[in-house]
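# Close look at the chain arrangement
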Amino acid sequence: MFERINIENLPKGNILAFGEFYRNELNNSSLEILSPLKEVAQALNKKLILLFLIGSLEDIKNLEEIKKSLADEVWFVVNNELKDLKDDLYTEVLAQIVKSSQPYGLFFPATKIGMSLAPRVAGALKVGLCAHVNYLKVKDNQIIMSRPTYGENIIAKLVSKSSPVMATISLGAFNIKYGEREPLMKEIIFPENFSWSSKLKIRNFIPSKKKLTKLSTAKIVVSGGRGLKNKETFQKLFELAEILGAEVGATRPVCYEGWVEEERMIGVSGVTVKPKIYIGFGISGALQHTVGMENSEFIIAVNTDKDAPLVKMANLALIGDARKILELLLKKLKS
Amino acid sequence: MEKIIVCIKGVPEPGSVKVDPETHALKRESMELILNPNDRPALEMAVRLKNDYNIELVAISMGPPNVIPLLKHAYALGVDQMILLSDRAFAGSDTLATSYVLAEAIKKLSPFSLVLMGLKSIDGETAQVPPETASLLDIPSLTNVKSLFMKDNKWIAIREIEYGEEEVEVEGPLVCSVSPTAFEYIRPPSLKRLLEVKNKEPIVWQAGDLNLDSQKLGLKGSPTQVVEVIEKKIETKGIILEGETEELVEKLIEVLKEKALIKN
Ligand SMILES: Cc1cc2nc3c(=O)[nH]c(=O)nc-3n(C[C@H](O)[C@H](O)[C@H](O)COP(=O)(O)OP(=O)(O)OC[C@H]3O[C@@H](n4cnc5c(N)ncnc54)[C@H](O)[C@@H]3O)c2cc1C
Ligand SMILES: Cc1cc2nc3c(=O)[nH]c(=O)nc-3n(C[C@H](O)[C@H](O)[C@H](O)COP(=O)(O)OP(=O)(O)OC[C@H]3O[C@@H](n4cnc5c(N)ncnc54)[C@H](O)[C@@H]3O)c2cc1C
């Protein structure tokens, strides 16, 4: 079905992006990271290649999506042993591809799987790895990457001096864009004597009961922080979300408190949102949170403190008690 | 079964790191370090395994001498041996250089059955050290592990991924990062051991004790480099309204109508 290419004949010096496939489903994060990487590839005059490790070609459900992607080429490694996520084997396969194709860069989405594999690959290649970056730019032929850091409003700009340049890219930080041309599809053929063995055996899989939230693509986000004081008040955000057709977001401390599941965390450690309207109740606006929502089109902050950073960055700030405002708002909207 | 090694990290108290407005360098307001909160579940898992299998626990930490109290805390929780990896040459390590030192120390402690770590630190927060260390040791790794036991000489682990949970069988030795939510109950240190550890000091290993390649250490051995830190200035850009709840809610509803989120 695809052009078959021996691993030793792979084109060299390109930008590789790891495509996450789990149980035959493509993870959208792999398409997201192509958006900034396309710009990087163009600035460096390199090709962008999306790379998949899969059990069999028949398994691909999302081929149409992949054909529309920004990648110039899509490479598949196909072997029945790749059906399950075996970190050690996956690392071996990726390291072989890097050794043969000597890419300029190798990037992973910062999913749990990406964050398990990327450091193993970096360790095997003995190269640097930048963690969940949300900004990439080429300057003087070098890729500069940024990530927020520490509890304060600090952003660190990083470079990697080793080759290939490696990083994991924050989830939801970039929109999926589509390409103008269908990428070339290639199946990489590994040498006969390559060992597909692994010390891992996946015995069982229990799908999560929670359905994945639609937070990262929501048009309206209502979000809450510690200023809502307790779980009960926080839960009222779901009523508001229902009325407005919104998704509920949260800050890290309230997720850790157990007011809401961690999947709803917005920020560096959680998801990035870009809604038309973001409403934050009792949220101070620490950088770790705001990097995940600063590109919202219209920001509303509700806070008792008019010096809170989120109040300052808001298009509209209401200075008052978040619980009272939320309760009265719900009452009025329901009547 | 052989010994279990737990890696713990000392981190600055949240909020104690600031940017110097003039030099733009990071400055720490206090040198006091706390135990990385995500390492507590790793220690808890280690202590539970020790109780189940009656094996030796070793805690190691790479850092300045002020992590010694944290190693002692680990002892009070049930760790048998404390090892501090400390050398000026380690300063400024990125995750590759950190993993190199940890991997070499772990090799020196061989044989071992398991290495436990926290999911991620709360300062660097890369979550890279556990898989990277395993890779350098050429042994398997699992991240976000919430339960672990041994059966027929193999580890059986449950790991969390976005899609759910996987039960994985692994031929050890193995490196695991422990899920921060693995346990509902985490035991406090034992009083007896707190007293006992007063008269104990960790073993200190420096670069020379581990026969390390000096080119791979610290800033020099770190391929990733922070080229700039920027403090984000936030400027007021919108309308700030103060007043009675009633007024504020009216205004909010007006805006929501303007944006066509609710009908008139
Ligand atoms: C490495 C690292 C990663 C992090 N990652 C994330 C992340 O991904 N996402 C994230 O959100 N955080 C993250 N954090 C935490 C972040 O730094 C902040 O601590 C957090 O965002 C603050 O949450 P908050 O706004 O709910 O709480 P607080 O900062 O405590 O703010 C509460 C706000 O509520 C206001 N308030 C109090 N009472 C009321 C009232 N009655 N009515 C209205 N307002 C009231 C207060 O004035 C205050 O502004 C991270 C931190 C670190 C160190
Ligand atoms: C602003 C800034 C940005 C950075 N960005 C990067 C980056 O993108 N890439 C990079 O490679 N490095 C980066 N670093 C360096 C990184 O923080 C250090 O290498 C650090 O020593 C280890 O990484 P971590 O804290 O992220 O550990 P994590 O991988 O998050 O820690 C996971 C677990 O590993 C164990 N562990 C970690 N460190 C030690 C230790 N010293 N002793 C014992 N056990 C330990 C603990 O069990 C811990 O819970 C950055 C540092 C700064 C200050």
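This is a predicted model, so every value here is computed, not measured.

What counts, and at which threshold
Residues numbered from 1 in each chain as written. Chains lettered and ligands numbered in written order. Predicted model: local features only at pLDDT ≥ 70, side-chain atom pairs only at ≥ 80, totals over all residues. Heavy atoms only, no water. Contact = heavy atoms within 4.5 Å. Buried area = accessible area lost by both parts, 1.4 Å probe. Salt bridge = Lys/Arg side-chain N within 4 Å of Asp/Glu carboxyl O. Pairing = 2+ DSSP bridges. Helix = DSSP H or I, 4+ residues; strand = E, 2+ residues; numbered from the N terminus. Axes fitted to C-alpha atoms, helices over the stretch in contact; angles between N-to-C directions. Near = heavy atom within 4 Å. Areas by Shrake-Rupley, 256 points an atom, 1.4 Å probe, with all protein chains shown as cover. Nonpolar A, V, L, I, M, F, W, Y, C, P; charged D, E, K, R; others polar. Domains from an automatic or database assignment. Polar contact = N/O pair within 3.5 Å; in protein donor to acceptor, adjacent residues only side chain to side chain.

### Description of the interface of chain B and chain A
In this complex, chain B contributes 76 residues to the contact, which on the side of chain A involves 77 residues. A combined buried area of about 7200 Å² lies between chain B and chain A, and 60% of that area is made up of carbon and sulfur atoms. For the interface between chain B and chain A, the tally reads seven salt bridges. Between R203(A) and E169(B) there is a salt bridge, with the nearest N and O atoms lying 3.3 Å from each other.

### Things to note about the sheet that holds strand β16 (residues 247–250) of chain A
Spatially, β16(A)-β15(A)-β17(A)-β18(A)-β19(A)-β15(B) is the arrangement adopted by the six strands of the open sheet, whose pairing is parallel. Each having just a single partner strand, β16 of chain A together with β15 (239–242) of chain B make up the two edges of the open sheet. Recorded for the sheet is a direction-independent mean angle of 20° between the axes of neighbouring strands. Here strand β15 (residues 220–224) of chain A pairs with β16(A) via four bridges, running parallel. Bridge pairing in β16(A) places G224(A) opposite A250(A). Relative to the sheet, helix α6 (residues 231–244) of chain A contacts β15, β16 and β17 (277–281) of chain A, its axis offset from that of β15(A) by approximately 170°. In this fold helix α10 (residues 322–334) of chain A packs onto β17, β18 (298–303) and β19 (316–319) of chain A, with an angle of close to 130° to the strand it touches most, β17(A).

### Some remarks on the sheet that holds strand β14 (residues 200–207) of chain A
The pairing of strands in a sheet comes from backbone hydrogen bonds and takes either a parallel or an antiparallel form. The ten strands are arranged β14(A)-β11(B)-β10(B)-β9(B)-β12(B)-β8(B)-β1(B)-β6(B)-β7(B)-β13(B) in an open sheet whose pairing can be described as mixed. On the outer flanks of this sheet lie β14 of chain A together with β13 (203–205) of chain B, each paired with one strand and no other. Across this sheet, the average inter-strand angle for adjacent strands is 30°, counted without regard to direction. Pairing of strand β9 (residues 141–151) of chain B with strand β10 (residues 154–161) of chain B, which is carried by six bridges, proceeds in the antiparallel orientation. Paired with S147(B) across the two strands is I158(B), which belongs to β10(B). Strands in contact with helix α3 (residues 95–108) of chain B are β1 (3–7), β6 (57–62), β7 (81–85), β8 (112–118) and β13 of chain B; relative to β6(B), the strand with the most contacts, it is inclined by about 150°. Together, β8, β9 and β12 (174–178) of chain B form the strand contacts of helix α4 (residues 129–137) of chain B, whose direction differs from that of β8(B) by roughly 155°.

### Remarks on the site of ligand 2
Taken together, 35 residues sit near ligand 2, with K9(B), D39(B), T95(B), S121(B) and T126(B) positioned nearest. The site occupied by ligand 2 is bordered by residues of chains A and B. Protein burial of ligand 2: of its 940 Å² of free accessible surface, 93% is covered by the chains. Of all the secondary-structure elements, those providing two or more residues to the shell around ligand 2 are β8 (130–133), β10 (142–149) and β11 (154–160) of chain A together with β6, α3, β8 and α4 of chain B. When grouped by side-chain class, the residues that make up the shell around ligand 2 number 16 nonpolar, twelve polar and seven charged.

### Things to note about the domain arrangement of chain A
Residues and elements named next belong to chain A. Once the domains are mapped, chain A shows domain 1 (3–189) and domain 2 (215–334). Computed from C-alpha atoms alone, the centre-to-centre distance between domain 1 and domain 2 is 32 Å. Of the roughly 910 Å² buried at the junction of domain 1 and domain 2 (both faces included), carbon and sulfur atoms supply 49%. The interface formed by domain 1 and domain 2 includes zero salt bridges. Where domain 1 packs against domain 2, one counts two residue pairs in polar contact (both at pLDDT 80 or more). Taken together, the elements giving at least two residues each to the side of domain 1 that touches domain 2 come down to β10 and β11. When grouped by side-chain class, the residues that make up the side of domain 1 that touches domain 2 number seven nonpolar, six polar and one charged.

### Considering the pattern of salt bridges
Under the definition given, this model contains 34 salt bridges over all chains. Of the charged contacts in the structure, one is a salt bridge between D72(A) and K38(A), with a shortest N-O distance of 3.1 Å. Note that D72(A) is positioned in the loop between α3 (63–68) and β6 (73–78) and K38(A) in helix α2 (residues 34–43), a separation of 34 residues in sequence. The partner of E167(B) in a salt bridge is R203(A), with the nearest N and O atoms 2.9 Å apart. Of this pair, E167(B) sits in strand β11 (residues 164–170) while R203(A) sits in strand β14, each in a different chain.

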